[in-house]
Amino acid sequence: MKAWVGLGANLGDARAALAAAFAALDTLPGTRLVRRSSLWRSAPVDATGPDFHNAVAELDTALAPAGLLAALHAIEAEHGRERPYRNAPRTLDLDLLFYGDEAIDTPALVVPHPRAHLRAFVLRPLLELEPGFEHPRLGPLAPWSAAAADQAIERLD
């Protein structure tokens, strides 16, 4: 199954954390890192703290959505991720953005990510990889970029 993961970090060495996360994603059971976006720097949205480094990864995975989410949380924990409060600064954040065309809504997991289409730090790297990306519920994502145009973001590499 094709899955898309958003990566972010704004504490410690964010570049190194994202590089390590890409490597970890490629070693998950039954999973292959297909592509990764450039790194982007963005101002926090609905949060405080330093700027984030962000990226998006395209995976090909045999893991079920819940299993993939558990694996993402384990990678975050290995990088010292703490969750003291909602939207706290973080050493590493891995969000399951899309899992094929599936729509999942459970207490533990909502896919597609409910705010993916409203966040420049998701849209810009995702559309870099897949300019014609289609959201399973909303259709083409490119037009949504206008809604996030006021969010500060810049491509780093």
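Source: prediction; values computed, not measured. (Residues numbered from 1 in each chain as written. Predicted model: local features only at pLDDT ≥ 70, side-chain atom pairs only at ≥ 80, totals over all residues. Heavy atoms only, no water.)

Caption draft 1: Here's a closer look at unusual backbone geometry. Between V111 and P112 the backbone carries a cis peptide bond, its omega angle lying at 0°. As for its position among the elements, P112 is in the loop between strand 7 (110–111) and helix 3 (120–129). (Helix = DSSP H or I, 4+ residues; strand = E, 2+ residues; numbered from the N terminus.)

Caption draft 2: Here's a closer look at the environment of L72. Among the secondary structure elements, L72 is positioned in helix 2 (residues 65–78). In this structure L72 comes out as buried when scored by relative accessible area, which is 0%. Taking the C-alpha atoms as reference, L72 lies 8.1 Å from L96; in sequence the two are 24 residues apart. (Buried < 20%, exposed > 50% of the residue type's maximum accessible area, 1.4 Å probe, protein only.)

Caption draft 3: Quick look at the layout of surface pockets. Size it by volume and the largest pocket reaches roughly 860 Å³. R90, D93, D95, H113 and R115 are, among the 36 residues lining the largest pocket, the residues nearest its centre. Taken together, the elements giving at least two residues each to the lining of the largest pocket come down to strand 1 (2–9), strand 4 (52–61), helix 2, strand 5 (93–99) and helix 3. Looking at the lining of the largest pocket element by element, the count peaks at five residues for strand 5. Looking at the lining of the largest pocket, its residues break down into 19 nonpolar, seven polar and ten charged. (1 Å grid on protein atoms, 1.4 Å probe; cavity = no way out; pocket = protein on both sides within 12 Å on 5 of 7 lines; lining within 4 Å. Points joined across faces, edges and corners; volume = space filled by probe spheres on them. Nonpolar A, V, L, I, M, F, W, Y, C, P; charged D, E, K, R; others polar.)

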